[in-house]
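# Fold and contact review
Listed below are the residues making up each chain.
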Amino acid sequence: MVVVGAGLAGLCAALRLTEGGLSVQVLDASDAVGGRVRTDVVDGLRLDRGFQLHNPAYPEAARVLDHDALDLRPFAPGVLVALGSKQHRLGDPRRGPSWALESARAPVGSLADKVRFAVYALRMAGASPRDLVTQADSPAEAALRAAGIDDRFLDSVLRPFLAGVFLEPDLTTSRRFLNLVLRTFVRGSPGVPALGMQAIPEQLAGRLPGGCVRLGVAALAVRPGEVDTDDGTVRGRAALVATDPTTAGGLLPAVTVPRMHPVTTWYHLADGDPAALTRGEPLLVVDGARRGPVVNSVVLTHAAPEYASDNRVLVSSSVLGVRSDAGEERDVRGHLGLLHGVDTRDWTLVRPVVVREALPAMTPPHDFRKDVRLPDGLYVCGDHRDSSSIQGAMASGRRAAEAVLADLGLLAESTG
């Protein structure tokens, strides 16, 4: 069996295929596993390729990952909203009771608005994933307005927060995905592995038989049961493409490539007292007045000190699109001063990290179970076949592997 792509989808597929009794070769053109989930170590700093969080409440992650071994460092269950010269903390009072009064008083909307959103989120948390992905679909903004959320709370809190999740500011993303996101945020505590996000694919790869992952091997063409590469032809009982959507579309004409959302993550080292930033807590800060290009900023070392050696303070800030030149860094630095309420002129730029194809767009109606079988006897998986998330990549890998096993007579057809 040949799997093209050693990202989360390909590794999860390879694990399931191995469990099913197949010998698997995983091919990847890159120099390490992970696909879009990678971490670069630069001068003692761990720089994820784009700000990403992992939520242990993802059902597929709970199925396949050893979360204790990842040493997940959770972020606080809430958000700081910067308005004027002040920051206002909003969050789940069930997990941060001290936040309740501040959340209620924050000038980001009426108390009734906050209660309506809390009720909506809790209702999503109590629903089954199957019900959420099969409900009537609409854009996320329309769903929130239908729930009674008015402009003030939507524009000062939800829009800037969700723009960082969806990587688009207009909330045109499927309400089905919105509701799944709310479900996992209420039920889990998103965070990062102590040694960076790449620890996730490395753990998956470490569970595969030695030698089955071949790096630095680029796939050139795929046919049923064989893959032409720049290192010769590799054959197996079936071939599964588990690459990013654009690469998959180039190898498999039957795959429609979705529109992809880009993001630029700016990494800075902050000077001064670390406790002056986000109150010394691992909190996401957003701009309730949207005064600049940054959609969110977080002090990574408040959650995971291992992200920077020598007690340095590493700040990650996300900007939608490809925006990485020197002039844009000045805009980012100025906006960070407003968000964090400190002078950022002496902050040290580490580097901008551009991810040109970070997430597939998920406009309604969004299908969470796109076919993993193609009409030409090939198979495909990836977040573009499910949802634009770690959960979606992992689940699609399992689905594709089980389709292969079923077609080879090694497994009864799965419905999960």
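Above this note sits the structure.
My aim in this report is to walk through the structure given alongside it, one point at a time. (Residues numbered from 1 in each chain as written. Predicted model: local features only at pLDDT ≥ 70, side-chain atom pairs only at ≥ 80, totals over all residues. Heavy atoms only, no water.)

Turning next to the environment of Val255. Its place among the elements puts Val255 in the loop between α11 (245-251) and β14 (260-270). Through-space distance from the C-alpha of Val255 to that of Leu374 is 8.2 Å; in sequence the pair is 119 residues apart. Excluding its chain neighbours within four sequence positions, the residues that come into contact with Val255 are Ala248, Gly249, Leu374, Val380, His384 and Arg385. (Helix = DSSP H or I, 4+ residues; strand = E, 2+ residues; numbered from the N terminus. Contact = heavy atoms within 4.5 Å.)

In this section: the sheet that holds strand β10 (residues 219-223). Overall, antiparallel pairing links the three strands, which are arranged β10-β11-β12 in an open sheet. Only two strands of the sheet have a single neighbouring strand rather than two, namely β10 and β12 (232-235). When the angles between neighbouring strand axes are averaged without regard to direction, this sheet yields 20 degrees. Relative to β12, strand β11 (residues 226-229) runs antiparallel, the two sharing four bridges. (Pairing = 2+ DSSP bridges. Axes fitted to C-alpha atoms, helices over the stretch in contact; angles between N-to-C directions.)

A general trend in soluble globular proteins is that nonpolar side chains are found buried together. Counting 94 residues, the largest nonpolar core has Met1, Leu17, Leu144, Leu158, Leu178, Leu204 and Met394 as the members making the most contacts within it. With sequence-adjacent residues up to four places away left out, Leu144 is seen in contact with Phe117, Tyr120, Ile149, Leu154, Leu158, Leu162, Leu171 and Leu178. (Core = buried A, V, L, I, M, F, W, Y, C linked by side-chain atoms within 4.5 Å. Buried < 20%, exposed > 50% of the residue type's maximum accessible area, 1.4 Å probe, protein only.)

It is worth spelling out the pairing of strand β17 (residues 313-320) at this point. For β17, the buried fraction is high: eight of the eight residues fall into the buried class. Here β17 shows two buried faces, one formed by Val313, Val315, Ser317 and Val319 and the other by Leu314, Ser316, Ser318 and Leu320. Pairing geometry for β14 and β17, over eight bridges, is antiparallel. What sits directly across from Thr264, in β17, is Val319. Note that strand β16 (residues 294-299) and β17 share five bridges and pair antiparallel. Bridge pairing links Val298 to Ser316 in β17.

What follows is about unusual backbone geometry. Leaving glycine aside, a negative phi is the common case for residues, and trans is the common case for peptide bonds. Residues Pro364 and Pro365 are joined by a peptide bond in cis, for which omega reads -5 degrees. Mapped onto the elements of the fold, Pro365 is located in the loop between β18 (348-360) and β19 (379-380). Notably, Leu171 is not glycine yet its phi reads approximately 55 degrees, a positive angle. Following the sequence through the fold, Leu171 ends up in the loop between α8 (151-166) and α9 (175-187).

What follows deals with the pattern of salt bridges. What the rule picks out here adds up to 29 salt bridges. One salt bridge in this structure joins Arg235 and Glu226, with 3.2 Å as the shortest N-O distance. Its relative accessible area of 57% is what places Arg235 among the exposed residues. Beyond isolated ion pairs, a larger network of salt bridges with shared partners links Arg16, Glu19, Glu60, Arg63, Arg398 and Glu402. (Salt bridge = Lys/Arg side-chain N within 4 Å of Asp/Glu carboxyl O.)

Three- or four-residue spacings in an α-helix give side chains the same orientation, since the helix completes a turn every 3.6 residues. Regarding helix α10 (residues 199-206), the residues found buried are Ala199, Ile200, Pro201, Gln203 and Leu204. Taken together, the buried residues of α10 touch α1 (8-19), α2 (59-64), α3 (67-70), β8 (191-193) and α14 (390-407).

Okay, the pairing of strand β7 (residues 86-91) next. Sheet topology note: the strand β6 (residues 78-83)/β7 ladder contains six bridges and is antiparallel. Residue pairing for β7: Val79 is matched across the bridge by Leu90. Adjacent in sequence and paired antiparallel, β6 and β7 are bridged by two residues, among which Gly84 carries a positive phi angle near 60 degrees.

What follows concerns the sheet that holds strand β1 (residues 2-4). Across the sheet, five strands lie side by side as β9-β2-β1-β13-β19; this open sheet has parallel pairing. The strands lining the two open edges of the sheet, one partner per strand, are β9 (213-215) and β19.

Enumeration over the complete set of coordinates arrives at four aromatic pairs. With centroids separated by 5.9 Å and ring planes inclined at 55 degrees, the aromatic side chains of Phe117 and Phe153 adopt a geometry described as tilted. Residue Phe117 is located in helix α5 (residues 111-126), and its partner Phe153 is located in helix α8; the two are separated by 36 residues in the primary sequence. On the accessibility criterion, Phe153 (4% relative accessible area) is buried. For the ring pair Phe161 and Phe185, a centre distance of 5.6 Å and an interplane angle of 55 degrees mean the geometry is tilted. Remark: Phe185 occurs in helix α9 and Phe161 occurs in helix α8; sequence separation between them is 24 residues. (Phe/Tyr/Trp six-rings, centres within 6.5 Å; stacked < 30°, edge-to-face > 60°.)

The next point concerns the environment of Ala361. Among the structural elements, Ala361 can be located in the loop between β18 and β19. With relative accessibility at 16%, the residue Ala361 sits in the buried group. Contacts of Ala361, omitting those with residues within four sequence positions, involve Pro258, Arg259 and His261.

You can see Asp48 is positioned in strand β4 (residues 45-48). This buried residue, Asp48, is left without a salt bridge; Arg46 holds the nearest opposite charge, at 8.1 Å. Reaching out from Asp48, the side chain makes a polar contact with the side chain of Thr39 at a distance of 2.6 Å. If near-sequence neighbours (up to four positions away) are discounted, Asp48 is found in contact with Arg38, Thr39, Gly196, Met197, Tyr267, Tyr307 and Val353. (Lys, Arg positive; Asp, Glu negative; His and termini not counted. Polar contact = N/O pair within 3.5 Å; in protein donor to acceptor, adjacent residues only side chain to side chain.)

A cluster of nonpolar side chains, namely Leu111, Val115 and Val119, defines an oily patch on the protein surface of about 260 Å² accessible area. Here Leu111 lies in helix α5. A residue is classified by how much of its surface remains accessible, and Leu111, at 51% relative accessible area, is exposed. (Patch = residues over 30% accessible without salt bridge, like charges linked within 9 Å, V, L, I, M, F, W, Y side chains within 5 Å. Areas by Shrake-Rupley, 256 points an atom, 1.4 Å probe, with all protein chains shown as cover.)

By secondary structure assignment, the location of Asp28 is in strand β2 (residues 25-28). Buried charge without a salt bridge: Asp28, with Arg38 as the nearest opposite-charge side chain at an N-O distance of 6.5 Å. Here the side chain of Asp28 touches Ala6 through a polar contact of 2.7 Å, landing on its backbone nitrogen. Excluding residues within four positions of it along the chain, Asp28 makes contact with Gly5, Ala6, Gly7, Arg214, Leu215, Gly216 and Val217.

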